[in-house]
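# Understanding the architecture of this molecule
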Amino acid sequence: MCRELKREPAWVAAIRLALLEGEVTTDGVIEEANLIPGRERTVRSILAKMADRGVLNAVGEDRYLPGEVLLNSDRFDLDFTKASDGGAHRWNSSG
């Protein structure tokens, strides 16, 4: 899915950071999703959209915490061991 939707790696990376680290920033998403330099504006737009939808909660200019949608989901028991070290968008689905 990440290959078909250009914004998906950033979306997945933001959710992963929110659940595992408890905080999301533009730089963190770029690093987690292995995005090429120059994608800051796109990532900021994605994070703002996620905040509009309640997935994230904006607490600063470039700082987000898990929003009500994530906090009220049952996704806190997800197994991220199949996520590669190279980025959240490279799932090891073969095992």
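It should be noted that the structure appears before, not after, this text.
The paragraphs below set out a description of the structure included in this document. (Residues numbered from 1 in each chain as written. Predicted model: local features only at pLDDT ≥ 70, side-chain atom pairs only at ≥ 80, totals over all residues. Heavy atoms only, no water.)

Residue position: T26 is located in helix α2 (residues 26-32). Sequence-distant contacts of T26, defined by excluding residues within four places in its chain, comprise E40, V43, R44, L47 and D62. (Helix = DSSP H or I, 4+ residues; strand = E, 2+ residues; numbered from the N terminus. Contact = heavy atoms within 4.5 Å.)

A word on the packing of helix α1 (residues 8-20) against helix α3 (residues 40-52). Helix packing geometry: the angle between the two helix axes and the distance between the axes. Two elements in contact, α1 and α3, have axes whose closest approach is 10 Å; the angle formed by their N-to-C orientations is 60°. In terms of their interaxial angle, α1 and α3 are classed as oblique. The hand of the α1/α3 crossing is right-handed. Contacts between α1 and α3 involve A10, W11, A14 and I15 on the former and, on the latter, V43, I46, L47 and M50. A per-class count over the contact of α1 with α3 returns 8 nonpolar, no polar and no charged. (Axes fitted to C-alpha atoms, helices over the stretch in contact; angles between N-to-C directions. Parallel < 35°, antiparallel > 145°, perpendicular 65-115°, else oblique. Left-handed = near helix turned anticlockwise from the far one by under 90°. Nonpolar A, V, L, I, M, F, W, Y, C, P; charged D, E, K, R; others polar.)

The residue G54 is located in the loop between α3 and β1 (56-60) in this model. Separated by 15 residues in the primary sequence, G54 and V69 place their C-alpha atoms 5.5 Å from one another. The contact partners of G54, leaving out residues within four places of it in the chain, are G67, E68, V69 and L70.

If you check α3, its first and last C-alpha atoms are 18 Å apart, about what 13 residues at 1.5 Å a residue would give, namely 18 Å. Among the residues of α3, V43, I46, L47 and M50 are the ones counted as buried. Axial view of α3: buried residues confined to an arc of 95°, hence all on one face. Across from the buried face of α3, at angles greater than 90 degrees, the exposed residues are R41 and D52. Close packing links the buried residues of α3 with α1, α2, β1 and β2 (63-66). (Expected span 1.5 Å × (residues − 1). Buried < 20%, exposed > 50% of the residue type's maximum accessible area, 1.4 Å probe, protein only. Arc of directions from axis to C-beta.)

Everything listed here is a matter of geometry and, on its own, says nothing about what the molecule does.
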